[in-house]
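# Observations on the model geometry
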Amino acid sequence: TTVQYLDYEVVADRGWDLHDDDLFGKAAIADLPPEAYGRLLVEPEETLLEAAENRGFVWPFSCRGGACANCAVYLVEGELSQPVNHIMPEELSDAGFRLSCNGYPASDELKVVFNVKHLPELDDLIL
Ligand code: FES
């Protein structure tokens, strides 16, 4: 699975809207460093977080067990499984938030905004 990723910090800093249909189009022409925006390949046995780490990126996490939400990402396109979730309420899952620490890509292409733990919706959950 090929994943296009974007750091939420960039979205917040630039005043972009997470729900903007052209969010990744804007990122593509914004001359962002590879740690903030780019593509990575996720192997079948890797979770999204492991794939990012195995390619040398540092994405937020804490428990690695579905219990803290520090690793949350927002799905712009595609699907990421969520086998273990002890923290995320159904409304947030329905709204497209997933935990990268145990989520495996379930589509050929994925677009995710990582580092969304500072979003007001998630801030309250973080342990
Ligand atoms: Fe804690 Fe993913 S790192 S839920």
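Reference entry: report on the structure contained in this document. Here, residues in each chain are numbered from 1, in the same order as that chain's written sequence. Side-chain atom pairs in this predicted model are given and counted only at pLDDT of 80 or more, local residue features only at pLDDT of at least 70, and totals for whole chains, interfaces and linings cover all residues. Each side-chain value is derived from all of the structure's non-hydrogen atoms; neither hydrogens nor water enter the calculation.

Counting from the N terminus, the helices are DSSP H or I runs at least four residues long and the strands are E runs at least two residues long. Position of Asn102 among the secondary structure elements: in the loop between strand E4 (97–99) and strand E5 (109–114). The term polar contact refers here to a pair of N or O atoms within 3.5 Å; inside protein, the definition further demands a hydrogen-donor-capable atom paired with an acceptor-capable atom, and it admits residues adjacent in sequence only when both atoms are side-chain atoms. At 2.9 Å, the side chain of Asn102 and the backbone oxygen of Val84 are in polar contact. Contacts are assigned to residue pairs that have any heavy atoms within 4.5 Å of one another. Each residue touching Asn102, except ones within four places of it in the same chain, is listed here: Thr47, Gly65, Gly66, Ser81, Gln82, Pro83 and Val84.

Further remarks concern unusual backbone geometry. A positive phi is found at Arg64, a non-glycine position, where the angle reads about 60°. With respect to the helices and strands, the residue Arg64 is situated in the loop between helix H3 (48–54) and strand E3 (72–77). In this structure, Asn115 takes a positive phi of about 70° despite not being glycine. With respect to the element layout, Asn115 can be found in the loop between E5 and helix H5 (120–123).

Take Asp123: it is sitting in helix H5. Separated by 18 residues in sequence, Asp123 and Pro105 have C-alpha atoms that sit 25 Å apart. When residues no more than four places from it in sequence are discounted, the contact partners of Asp123 are Lys117 and His118.

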